[in-house]
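# Structural features, examined
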Amino acid sequence: MRYRNMLENIPTLIGECLMSRKYMPLEIEEKWQRYWEETGTFKVTEDPAKKKYYLLEMFPYPSGKIHIGHVRNYTIGDVVARYKRMEGYNVLHPMGWDSFGMPAENAAIERGIHPSIWTNENIAHMRMQLKRMGFSYDWDREVSTCEPEYYRWEQLFFLWMFEKGLVYKKTSSVNWCPRCETVLANEQVEAGLCWRCSSEVKEKVLDQWFFRITAYIDELLEGCDRLPGWPERVLTMQRNWIGKSFGCEVSFPMADGPGEIKVFTTRQDTLFGATFMLIAAEHPLVMELVKGKALEKEALAFAEEVKKQDKLMRTSDYYEKQGLFLDCYCLNPLTGWKMPIFATNFVLADYGTGCVMAVPTHDQRDFEFAEKFNLRKVVVISPPGKTLDPETMTEAYVEEGILINSGPFDGMENLKALDAIADYLISLGKGKRTVQYRLRDWGISRQRYWGAPIPMVNCPKCGTVPVPESDLPIVLPRDVDFSGEGGSPLARHPDFLNTACPACGGPARRESDTMDTFVESSWYFERYCCPHFDQKPGIKREQVDYWMPVDQYIGGIEHAILHLLYARFYTKMLRDFGLVGVDEPFTNLLTQGMVCKETTRCPEHGYLFPEEVTEGRCTHCGAGVIVGKTEKMSKSLKNVVDPDYLIRQYGADTARMFCLFAAPPEKDLEWSDQGVEGSFRFIGRTWRIVMDYLDDLQGIAPFSGGEELEGDLRSLRRKTHQTIQKVREDMGERFHFNTAISAIMELVNTLYSTPRPSREDRKALAVVRETIEAIVVLLAPIVPHLTEELWQMLGHQGVCLADTPLPVYDPAVAARDEMTIVIQVNGKVRGRIAVAPDEREDRIQALAMADEKVSRFIEGKTVIKQVYVPKKLLNIVVKG
RNA sequence: GCGAGAGUGGCGGAAUUGGCAGACGCACUGGACUUAGGAUCCAGCCCGCCCGGCGGAUAGGGGUUCAAGUCCCCUCUCUCGCACCA
């Protein structure tokens with residue numbers, strides 16, 4: 001008997017043991033991370049019986065360590081992935097590495113480490129950090145773009161593109177440092193100087209490869225209208241970037257002799273006012289027109305000057321309009337006027353035809369130019385009810401109006417004249433309708449080592465010849481010399497460079513340029529669907545068809561244009577190759593905000609890292625620290641928080657919780673150390689209340705209805721079901737994690753304020769268990785380690801919370817017993833009355849009138865009208 | 001300059017469809033517990049006043065409405081994107 005008693009007491013003893021147990025995040029977290037890894041919890045395969053959900057976060061460049069921006073991005077993604085999984089979806093949630101790129105090459109130059117070693121060490125470290133955050137990736141699908149197993153397929157696609165004319169070679173200019181003898185990226189040019197040696201950067205013209213993205217330009221533009229799951233501002237940015245405009249190409253014959261100048265204009269309605277012609281200074285036509293003339297030298301010098309200006313243009317606010325009269329004329333095709341021709345700095349050579357008809361009265365830039373050179377001005381659009389005098393105008397009239405001085409079109413509204421004049425030009429054979437785009441083809445050549453080699457061979461006899469498919473992959477050689485000088489290491493590597501021409505067998509040279517790293521990120525999401533498929537074409541259609549498109553893509557706004565546009569283009573191209581079945585890769589896009597923090601600086605030591613500040617003083621000199629503006633976290637401003645430190649101090653769960661709680665995902669997040677403390681405190685508070693009840697809940701099943709509840713228990717259960725409803729709406733539908741967390745906090749607060757039931761009150765304890773289990777399950781996607789641990793302690797041995805379905809709320813339980821109706825008099829709140837949820841309007845009106853406070857405001861006045869908003873409010877409008 | 005978005009307590013932020021402005025958290029204040037508290041639990045916390053009540057508050061001004069943070073017009077400020085694109 002005694003023995004039996006002891007046995008019965010064992011659960012209690014365990015309970016008491018647990019009660020004294022503190023929240024130890026590091027132990028718990030590492031334990032569950034090990035568990036997930038060992039049991040393969042997050043590995044997925046195609047399952048036609050289940051609905052799929054593809055959640056993707058933009059993969060990182062392996063720079064060395066994850067930063068807080070990654071923590072935020074991947075936490076948001078992980079919560080959605082875990083949530084969808086608990087909703088029953090078959091969730092694909094992969095991770096990999098955008099591992100080609102310049103920093104690896106810089107490390108090689110500066111520290112003598114081979115880019116592949118540097119990259120793979122970084123990957124190893126960052127993978128460990130991501131695992132330590134508890135993200136639910138299927139690590140078996142990890143992809144690293146710098147491996148031949150990945151980029152070989154890109155080389156195959158390149159060959160197919162070449163066949164179809166989707167890739168071509170064109171001369172194009174690059175930034176060139178004459179001292180380092182190397183090509184510089186735009187970000188390596190600082191104020192026109194080389195970042196490394198400060199020599200003046202020159203322009204160098206090279207043969208380069210281009211992807212014909214413009215072949216898909218209309219589909220890319222129209223697709224913007226079919227992406228309702230994308231933020232409007234991203235779509236606007238893409239539309240602007242594509243920059244489609246409708247207009248006319250108009251021919252202006254030369255005044256003396258043969259030839260003509262073609263211009264593109266969207267304003268053919270102003271053609272009768274075109275009085276001079278402008279040509280981009282660097283346009284080849286300029287040199288043709290001045291050939292043999294005294295001006296030739298001057299024109300050449302002007303073109304050189306303008307080319308240099310081009311680099312500085314971005315930084316200057318006002319451009320002086322410069323021009324050079326080329327001593328020749330063309331004719332306005334409609335008026336026959338002689339139009340002087342100028343070379344100028346403000347016309348772009350590569351947009352339209354590089355030539356512009358100038359209408360000084362209706363274009364501000366042309367107006368300024370005409371003023372400077374004293375050129376003829378003719379008004380052709382008259383504002384309603386006014387007349388403009390070209391002699392006294394101080395600026396161009398750019399609004400709408402009625403045509404004048406325009407021959408047969410006088411009196412027509414200018415917008416209508418757009419079509420009429422276009423038709424007229426066509427009938428005269430002097431013009432045609434055309435469309436212009438701002439978007440250019442995508443230059444993908446990089447004169448760099450650490451990128452995917454372009455599978456082409458240059459043969460002195462046969463020209464540019466593609467490598468045969470059977471020779472793929474063209475693997476980057478490892479033994480190269482990194483000096484940072486003399487151009488790309490590949491161009492100096494004879495074993496790589498020298499080859500036989502695939503066409504004639506003669507000696508030839510390999511293409512030494514590598515591809516832009518945006519090419520790798522244009523299809524990695526398709527590779528994730530079949531990461532180990534090693535047969536041509538590297539994409540397994542059945543698998544891709546199951547997973548694609550990406551249901552939710554999450555990443556920074558900085559990729560709003562280039563990456564997303566390139567990925568859309570590449571997917572459409574792969575579709576036309578028959579490799580994928582979708583038109584658009586990303587159905588929904590979430591662009592998360594930046595992580596910001598206040599800056600701190602010492603008058604002596606400049607910007608300080610947070611750990612260099614103690615109690616408002618600089619740790620180096622003790623001077624008072626100046627707290628500056630809140631800025632995006634960056635190393636240069638030193639306002640950074642180290643994720644490793646956070647994990648050590650609070651654990652991954654707290655870091656995750658804070659990232660979600662402090663701001664909605666699309667907004668900037670202001671980092672606050674105290675806010676982190678707050679999240680940690682909430683986690684501790686949740687832990688303690690569960691520990692406090694744990695013992696009493698042994699052997700108690702969660703309340704599941706049947707019996708009537710009253711008082712506090714009824715309220716607690718109602719609150720529980722209301723919380724389930726709110727959290728499901730906020731997390732599953734709106735991605736408002738901050739309000740979902742608030743709701744759970746409220747439920748925890750309610751549990752704290754509910755009087756503690758006695759140990760014998762099994763019904764009450766069942767209600768408490770239902771609440772506690774709801775809290776734990778609802779928190780699971782947000783703080784997965786804590787909740788797995790609590791779930792197990794609550795007796796769910798051998799069940800992984802990550803696979804537990806989300807709780808369902810019972811609308812009848814969540815419904816209020818009574819509703820509070822706000823009573824307003826003339827729109828001001830004067831009282832509240834509690835009534836049954838189905839109370840009729842007339843009864844509510846009667847109760848309101850009877851209310852002491854309300855009647856005070858009505859007394860002696862006439863009730864004009866009563867507005868009743870069902871279940872919410874009654875507004876009594878009175879007069880007198 | 002053009003385009004888009006935003007502006008709510010000391011702070012981060014709630015308010016989903018026009019219906020109680022300020023949920024939740026931070027900071028602050030007080031209390032309890034305590035050897036101690038930078039732990040924990042409880043409470044207070046927009047502003048003003050002639051405070052058991054009333055008035056004012058969502059950048060500023062005007063409008064629509066029984067009712068406006070929310071819709072409309074004007075002004076200011078900030079953020080982002082584009083910036084000679086003809």
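Please refer to the structure placed before this passage.
I will try to describe carefully the structure that is included in this document. All of these numbers come straight from a predicted model, not from anything done at the bench. (Residues numbered from 1 in each chain as written. Chains lettered and ligands numbered in written order. Predicted model: local features only at pLDDT ≥ 70, side-chain atom pairs only at ≥ 80, totals over all residues. Heavy atoms only, no water.)

## With respect to the side chain of Asn639
Of note, Asn639 is situated in the loop between strand 32 (626-632) and helix 17 (643-649). According to the relative accessible area criterion, Asn639 is buried, its value standing at 2%. Here the side chain of Asn639 touches Lys597 through a polar contact of 2.9 Å, landing on its backbone oxygen. Polar contacts involving the side chain of Asn639 include one to the main-chain amide nitrogen of Ser634, which spans 3.0 Å. For Asn639, the contacting residues outside a window of four places in its chain are Lys597, Glu598, Thr599, Glu631, Lys632, Met633 and Ser634. (Helix = DSSP H or I, 4+ residues; strand = E, 2+ residues; numbered from the N terminus. Buried < 20%, exposed > 50% of the residue type's maximum accessible area, 1.4 Å probe, protein only. Polar contact = N/O pair within 3.5 Å; in protein donor to acceptor, adjacent residues only side chain to side chain. Contact = heavy atoms within 4.5 Å.)

## Describing the sheet that holds strand 1 (residues 52-57)
One open sheet holds the four strands; their spatial order is 2-1-26-27, and the pairing between them is parallel. At either end of the open sheet lies a strand with only one pairing partner, and these are strand 2 (90-92) and strand 27 (586-592). For this sheet the average axis-to-axis angle between neighbouring strands, irrespective of direction, equals 20°. As defined by bridge partners, strand 26 (residues 550-556) adjoins strand 27 across six bridges and the pair is classed as parallel. Each bridged residue has a counterpart across the sheet, and for Gln552 the counterpart in strand 27 is Asn588. Running over the sheet, helix 3 (residues 68-86) touches strand 1, strand 2, strand 26 and strand 27 and is turned about 175° from strand 1. (Pairing = 2+ DSSP bridges. Axes fitted to C-alpha atoms, helices over the stretch in contact; angles between N-to-C directions.)

## So, the packing of helix 18 (residues 652-661) against helix 19 (residues 673-697)
Between helix 18 and helix 19, the least distance of the axes is 9 Å, while the angle of their chain directions is 115°. You can see that helix 18 and helix 19 cross each other, and the crossing is right-handed. Each of Asp653, Thr654, Met657 and Phe658 in helix 18 lies in contact with helix 19, whose residues at this interface are Gly675, Val676, Ser679, Phe680, Phe682 and Ile683. For the contact of helix 18 with helix 19, the class distribution of residues is six nonpolar, three polar and one charged. (Left-handed = near helix turned anticlockwise from the far one by under 90°. Nonpolar A, V, L, I, M, F, W, Y, C, P; charged D, E, K, R; others polar.)

## Overview of the packing of aromatic side chains
Applying the stated criterion across every chain, the model contains 47 aromatic pairs. Considering the side-chain rings of Phe158 and Trp209, the 5.6 Å spacing of their centres and the 75° angle between planes classify their relative orientation as edge-to-face. Taken together, the residues Phe158 in helix 6 (residues 148-163) and Trp209 in strand 9 (residues 202-211) connect sequence positions 51 residues apart. By relative accessible area, which is 0% here, Phe158 ends up buried. By relative accessible area, Trp209 is classed as buried at 1%. Measuring from centroid to centroid gives 6.3 Å for Trp442 and Phe569, while their planes differ by 75°, and the two rings are edge-to-face. With a gap of 127 residues between them, Trp442 in strand 19 (residues 442-443) and Phe569 in helix 16 (residues 562-576) connect regions that are remote in the sequence. On the basis of relative accessible area, Trp442 is assigned to the buried category, the value being 3%. Members of the aromatic cluster, connected to one another through ring pairs, are Phe158, Phe162, Trp209, Phe211, Tyr216, Trp442, Phe518, Tyr566 and Phe569. (Phe/Tyr/Trp six-rings, centres within 6.5 Å; stacked < 30°, edge-to-face > 60°.)

## Observations regarding the nonpolar core
Note that soluble globular proteins tend to have their nonpolar side chains buried in a common cluster. With 90 residues, the main nonpolar core has Tyr54 and Phe211 as its most contacted residues. For this core, the element with the most residues is helix 6, which contributes nine residues. Setting aside anything within four residues of it in sequence, one finds Phe211 in contact with Phe158, Met161, Leu166, Val167, Asp441, Trp442, Ile444, Met515, Val519, Phe569 and Tyr570. Judged by nonpolar contacts, the second largest core, of 69 residues, contains Tyr83, Leu709, Val748 and Leu806. (Core = buried A, V, L, I, M, F, W, Y, C linked by side-chain atoms within 4.5 Å.)

## What to know about the pairing of strand 22 (residues 463-466)
Bridge count for strand 21 (residues 456-459) against strand 22 is four bridges, and the pairing is antiparallel. Across the sheet, Met456 pairs through a bridge with Pro466, a residue of strand 22. Hairpin connection, strand 21 to strand 22: the antiparallel pair is bridged by three residues.

## Considerations on the protein's contact with RNA strand B
In the vicinity of RNA strand B, 53 residues are found, and the nearest of them are Thr266, Tyr319, Arg365, Met745 and Arg832. Of everything in RNA strand B that lies within 4 Å of the protein, sugar and phosphate atoms constitute 61%. Note that a sugar or linking oxygen of RNA strand B is positioned 2.8 Å from one of the backbone N or O atoms of Ala662. Between RNA strand B and the protein, one listed contact pairs a phosphate oxygen with a side-chain N or O atom of Arg734 at 3.1 Å. Counting residues per element, the surface near RNA strand B draws most heavily on helix 21 (residues 737-753), which supplies seven residues. Here the residues of the surface near RNA strand B sort into 21 nonpolar, 11 polar and 21 charged. (Near = heavy atom within 4 Å.)

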